[in-house]
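Spelled out, the chains give:
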Amino acid sequence: MENQEPKIEESLQDEAPDQEPEQKKLKISTEGDEPALSAAVSGKSGGAERRPPKYKRRKVAIVFAFCGVGYQGMQKNPGAKTIEGELEEALFHAGAVPEADRNKPRQYEWARSARTDKGVSAVGQVVSGRFYVDPPGFVERLNSNLPDQIRVFGFKRVAPSFSSKKFCDRRRYVYLIPVFALDPCSHSEAEMARSDSGYEYVKCVECCEKGYKIPLGVLGKESVDDETKSSEVQSDISSNNCGALKVETNGEKTPNPESKEEMTKSEGKFCYGEKEKERFNRILSYYVGSHNFHNFTTRTKAADPAANRYILSFNANTVITLDGKDFVKCEVVGQSFMLHQIRKMIGLAVAVMRNYAPESVIQTAFKKDVRIVVPMAPEVGLYLDECFFTSYNKRFKVSHEEVSMEEYKEVAEEFKWKHVYSHIGSAEDKDGIVAIWLHSLNERNYPDLRVAEHKPDEVIVYKKIDAASEEMINEEEAAVKENANGAGELLVGSKVNDETSEEKNMEEGSRVEEKATE
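For clarity, every value in this text was computed on a predicted model and none was experimentally measured.

### Remarks on the nonpolar core
Inference 1: In terms of nonpolar packing, the biggest core is built from 105 residues, with Leu-91, Phe-131 and Tyr-287 touching the most fellow members.
Inference 2: There are two domains that each give this core at least three residues, and those are domain 1 (58–168) and domain 2 (274–384 + 436–480).
Inference 3: The contacts of Phe-131, once residues within four sequence positions are left out, are Lys-56, Arg-57, Arg-58, Val-60, Ile-62, Leu-91, Ala-96, Val-97, Tyr-108 and Trp-110.

### Description of the UniProt feature "active site" (unreviewed entry) in the protein
Inference 1: Taking the numbering used here, the UniProt-annotated feature "active site" (unreviewed entry) corresponds to Asp-117.
Inference 2: By relative accessible area, Asp-117 is classed as buried at 15%.
Inference 3: Setting aside anything within four residues of it in sequence, one finds Asp-117 in contact with Gly-73, Leu-339, His-340 and Arg-343.

### Here's the deal with the packing of helix α8 (residues 274–285) against helix α9 (residues 341–353)
Inference 1: The interhelical angle for the contact between α8 and α9, taken along N-to-C directions, is 135°, at an axis separation of 10 Å. One element, α8, and the other, α9, form an angle in the oblique class. Of the two elements, α8 crosses α9, and the hand of that crossing is right-handed. Across the interface between the two elements, Glu-276, Arg-279, Phe-280, Ile-283 and Leu-284 of α8 pack against Ala-349, Val-352 and Met-353 of α9.
Inference 2: For the contact of α8 with α9, a count of residues per class yields six nonpolar, no polar and two charged.

### Quick notes on helix α12 (residues 409–430)
Side chains that are three or four residues apart share a direction in an α-helix, a result of its 3.6 residues per turn.
Inference 1: Between its terminal C-alpha atoms α12 stretches 30 Å, which fits the 32 Å expected from 22 residues at 1.5 Å a residue.
Inference 2: Of all the bends in α12, the largest measures some 40° and sits at Lys-416.
Inference 3: Those residues of α12 lying buried are Ala-412, Phe-415, Lys-416, His-419, Val-420, Tyr-421, His-423, Ile-424, Gly-425, Ala-427 and Glu-428.
Inference 4: One or two positions beyond α12, positive phi appears at Gly-432, with a value near 60°.

Rules behind the numbers
- Residues numbered from 1 in each chain as written.
- Predicted model: local features only at pLDDT ≥ 70, side-chain atom pairs only at ≥ 80, totals over all residues.
- Heavy atoms only, no water.
- Core = buried A, V, L, I, M, F, W, Y, C linked by side-chain atoms within 4.5 Å.
- Buried < 20%, exposed > 50% of the residue type's maximum accessible area, 1.4 Å probe, protein only.
- Domains from an automatic or database assignment.
- Contact = heavy atoms within 4.5 Å.
- UniProt positions renumbered as here; feature names shortened; annotations may be inferred.
- Axes fitted to C-alpha atoms, helices over the stretch in contact; angles between N-to-C directions.
- Helix = DSSP H or I, 4+ residues; strand = E, 2+ residues; numbered from the N terminus.
- Parallel < 35°, antiparallel > 145°, perpendicular 65-115°, else oblique.
- Left-handed = near helix turned anticlockwise from the far one by under 90°.
- Nonpolar A, V, L, I, M, F, W, Y, C, P; charged D, E, K, R; others polar.
- Expected span 1.5 Å × (residues − 1).
- Bend = angle between axes of the 7 residues up to and from the residue.

Here is the structure:
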């Protein structure tokens with residue numbers, strides 16, 4: 001019986017009522033249960049202070065603008081002053097990024113829709129990430145921690161998978177080029193200044209910009225005249241020369257005072273009229289389509305697939321006035337752009353417009369087996385106008401807000417005129433950046449621009465001569481010889497002065513012309 005006592009006690013313990021279990025810990029919610037949690041804690045602690053609400057990170061797209069003067073571009077680089085560096089610090093001080101994620105953009109899925117070069121501005125830039133945007137006043141807190149030349153317009157709640165880089169369908173850039181830059185006679189090297197050191201300096205009559213120096217006597221009056229004659233001979237490059245561009249009145253015809261274009265032409269000044277607009281747009285149209293832009297960037301080879309880019313449109317139809325100077329608004333829309341690509345496209349187009357290169361050089365630059373040094377326009381006139389997210393907006397139009405500049409058009413236009421346009425106009429007015437750059441567009445700095453593959457009908461060149469010198473004409477024999485690679489090669493024969501060989505050379509020249517036209 002004694003052995004059964006423990007069993008009786010054990011059964012009595014089993015029959016005893018269950019003890020009250022320990023109270024479970026309350027789960028902390030980050031989706032709006034904080035007030036209930038705080039009230040429970042407050043009631044339990046007997047009226048203690050309520051905890052501040054904890055907010056949730058949300059995936060948003062931030063739309064902002066900036067003036068790029070004084071910054072080393074958009075992308076953050078160690079030791080450089082960049083737009084991203086300013087914006088990341090502003091996000092931290094505004095409470096959007098916690099201390100643990102400071103200077104760690106991957107932690108909050110940082111992405112940018114476009115990168116910009118040094119000094120380039122933007123009006124419709126978009127970045128995305130996971131930020132603490134609550135409580136209300138997020139935009140005001142950001143702008144209070146940013147300089148005046150960087151302004152945040154607003155933000156949009158986006159899908160969790162959104163990336164401003166991957167979901168951006170196309171980008172639109174604008175380059176403002178002064179009208180005088182398209183005039184072949186503007187800022188030309190036309191004045192000589194002799195120094196005591198035995199060198200001659202070439203200066204610009206309009207801006208007194210000192211150019212290169214050469215030994216005394218190398219470039220004198222005779223050589224300048226020869227260059228003038230050479231430019232007249234090369235009619236294959238362009239029919240739009242200085243004489244055709246500057247129209248002077250002789251008193252017989254009075255221009256219409258209501259037409260600014262006619263008044264400008266009557267004063268002998270270059271005007272971006274309909275003919276000039278048509279020609280410049282034709283030059284820019286060569287870029288439209290899918291091409292290999294390896295000559296329009298740096299450190300990208302022709303065999304690299306990244307060199308292939310698609311341009312949707314490129315036009316220059318609008319003229320605006322900044323600080324008393326007219327600027328042509330060049331708008332280019334493409335899927336994506338490489339480093340310096342737009343500035344080099346503008347630079348080559350201006351070189352063609354100023355008759356430093358034939359139009360065919362643009363198509364030659366697209367060839368993979370051709371390497372050409374392309375001039376690059378200054379960065380001050382370029383800015384990112386807008387980023388488009390057409391596919392994303394169509395896919396998530398029911399569940400999320402549209403990511404676009406439609407809501408911020410007025411404030412963006414105001415920022416554009418106050419910061420971007422004012423900087424472009426003042427930079428040209430005070431420093432003459434474009435005028436100085438125009439002096440570098442010559443055969444000495446860019447010899448490749450003249451060595452373009454000419455069409456067969458561009459081989460025969462006719463020179464204008466006086467009637468008195470017809471008997472002393474020097475004929476040049478020209479022939480097109482196909483080499484092993486199929487490229488055309490121009491062969492110039494010896495000069496002939498006798499009258500007996502004149503007819504023979506003219507017949508051979510006409511046969512070459514007939515073959516070229518076929």
